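# Understanding the architecture of this molecule
Here are the chains, one letter per residue:
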Amino acid sequence: MKMTFRWYGDSDPIPLKYIKQIPNCSGIMGMMDDFEAGEVWDEKKFAKYVKEVNDAGLEIEVIESVNVHEDIKLGLATRDEYIENYKKSIRNLAKNGVKVIVYNFMPVFDWLRTDLAREIDEDGSNSLYYDHKELEGMTPQKLVENTMKTAGGFSLPGWEPERLAELEDVLEKYKSVDEEKLLENYKYFLEGIIPTCEEVGIKMAVHPDDPAWPVFGIPRIAHTKEQLDRIVKLVDSPSNCLCVCTGSLGSNPENDIPSVIRYFGEKKKIACMHIRNVKYLGEKKFREASHLSSDGNLDMFEIVRALYDTDFDGYIRPDHGRMIWDEKGRAGYGLYDRALGLTYLNGLLEAIEKMDKLNK
Ligand code: DNO
């Protein structure tokens, strides 16, 4: 398994050199906000990004947030054109060495929180926070407004302004799409793109819904083990895989993450992992915690052990960190706490590996 770090390209205040200096970090999980959902990822532009990463001594075998156009999720007649574009993007990424594409099939919103910088009383750091009751008291428009206002001028993955500009219109269209319809549209999308993935050796890794329940009455179909199982069975292919995000699935205490990892890991369905911790504050109410198990509700030892036991050979990145040491940065994506998270995961892995050898 390879340790990586998400990097946003030139709009990222974190220099690649700093990422290279994190112990055992072999590369980045790339993210470019240059392309709108539905647009073809231009090969030359992408090659430039890859070169920059490689020149810094880092690999880039995973790319994130290759966003699926809303018309595909809605099943509109225009979807075929967007699926064709997606196939072109897959080819362009594969030509540049990409092996895994992380995407999601969440309608309208990608991840969402009610506060991007909630202060943590114990130590004065801050982290992303979610309270479903607060969300219920808000319109989607209000949530978008708040999120944009508090993002500190940084673009956020899944919060592309051009997409949200059409919010009202899109929300209206979803009124006629229920879970079954969404799943049908999902199948159509996968049937369209998976043959291309197989041909060029790319794995598609779907990111689970974050948080792990429907919001604003819009359907969501990727937040339980059973739902993820349905997804990997929509099209039976080694290219139809998952990105298991511990914090997204883990926002619901009923999701047992180590068992999810063991189940899909044994079937070789996990292409990559986003690892972070969450602290439950009540029903559908949580904040993000440091990676340390005892700081939150997820057991990182059991998570890494499940990966080790199932011979996970994909990519890991520490997901969202808190903002610590007065760092100013993109919410969830500062340098310091994510780097601490990565080194902690290194430590767990070394201990698990060595203990296993000692016991043999
Ligand atoms: C949030 C990220 C997600 C993820 C996308 C993939 O912080 O993990 O935005 O990258 O859902 O499409």
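We now turn to the structure provided with this report. (Residues numbered from 1 in each chain as written. Predicted model: local features only at pLDDT ≥ 70, side-chain atom pairs only at ≥ 80, totals over all residues.)

## Focus on the overall build of the chain
- When you go through the chain residue by residue, the secondary structure sums to 14 helices and 12 strands.
- Its C-alpha atoms give the chain a radius of gyration of 19 Å, near enough to 21 Å, the size a compact globule of 360 residues would have.
- C-alpha extents for the chain along the principal axes are approximately 60 × 45 × 40 Å.
- Across the 360 residues that make up the chain, the buried fraction comes to 44%.
- Counted over contacts in the chain with a minimum sequence separation of 6, partners at least 24 positions apart contribute 73%. (Helix = DSSP H or I, 4+ residues; strand = E, 2+ residues; numbered from the N terminus. Rg over C-alpha atoms; globule rule 2.2 N^0.38 Å. Buried ≥ 20, exposed ≤ 12 C-beta atoms within 10 Å, placed from the backbone. Contact = placed C-beta atoms within 7 Å.)

## Focus on the site of the ligand
- In the vicinity of the ligand, the residues found are Glu 64, Ser 65, Val 102, Tyr 103, Asn 104, Asp 110, Trp 111, Pro 157, Gly 158, His 207, His 274 and Gly 332.
- For the shell around the ligand, the per-class residue count stands at four nonpolar, six polar and two charged. (Near = placed C-beta within 6 Å. Nonpolar A, V, L, I, M, F, W, Y, C, P; charged D, E, K, R; others polar.)

## Observations concerning the sheet that holds strand β2 (residues 25-30)
- Spatially, the eight strands close up into a barrel ordered β1-β2-β3-β4-β7-β8-β9-β12, and their pairing is parallel. Taken pair by pair, the neighbouring strands of this sheet meet at an average axis angle of 35 degrees, ignoring direction.
- As defined by bridge partners, strand β3 (residues 59-63) adjoins strand β4 (residues 100-103) across two bridges and the pair is classed as parallel. Paired with Ile 63 across the bridge in β4 is Ile 101. (Pairing = 2+ DSSP bridges. Axes fitted to C-alpha atoms, helices over the stretch in contact; angles between N-to-C directions.)

## Some remarks on the pairing of strand β12 (residues 315-318)
- With burial as the criterion, each face of β12 is covered, one bearing Tyr 315 and Arg 317 and the other bearing Ile 316 and Pro 318.
- Where strand β1 (residues 2-7) meets β12, two bridges bridge the pair, whose relative direction is parallel. When the sheet's bridge partners are listed, Met 3 is paired in β12 with Ile 316.
- In terms of strand pairing, strand β9 (residues 270-275) meets β12 through four bridges, oriented parallel. Across the sheet, residue Cys 272 finds its bridge partner in β12, namely Tyr 315.

## So, the environment of Lys 203
- Counting through the fold element by element, Lys 203 comes out in strand β7 (residues 203-206).
- The sequence separation of Lys 203 and Lys 284 amounts to 81 residues, and the corresponding C-alpha distance is 32 Å.
- Not counting residues up to four positions away in its chain, the partners in contact with Lys 203 are Lys 99, Val 100, Cys 197, Ser 239, Cys 241 and Ala 271.

## Let's talk about the sheet that holds strand β10 (residues 277-282)
- Across the sheet, four strands lie side by side as β5-β6-β11-β10; this open sheet has antiparallel pairing. Each end of this open sheet is capped by a strand with a single partner; those strands are β5 (115-119) and β10. Across the sheet, the mean angle separating the axes of adjacent strands is 40 degrees when strand polarity is ignored.
- Where β5 lies against strand β6 (residues 126-131), three bridges are found, and the strand directions are antiparallel. When the bridges of β6 are listed, Arg 118 appears paired with Ser 127.

## With respect to the nonpolar core
- By size, the foremost hydrophobic cluster in this structure holds 95 residues, and its most contacted members are Ile 101, Ala 205, Leu 242 and Val 244.
- Among the elements that take part in this core, helix α9 (residues 179-200) stands out by supplying seven residues, more than any other.
- Residue contacts for Val 244: discarding those within four places in its chain leaves Leu 249, Val 260, Ile 261, Phe 264, Ile 270 and Met 273. (Core = buried A, V, L, I, M, F, W, Y, C linked by C-beta atoms within 7 Å.)

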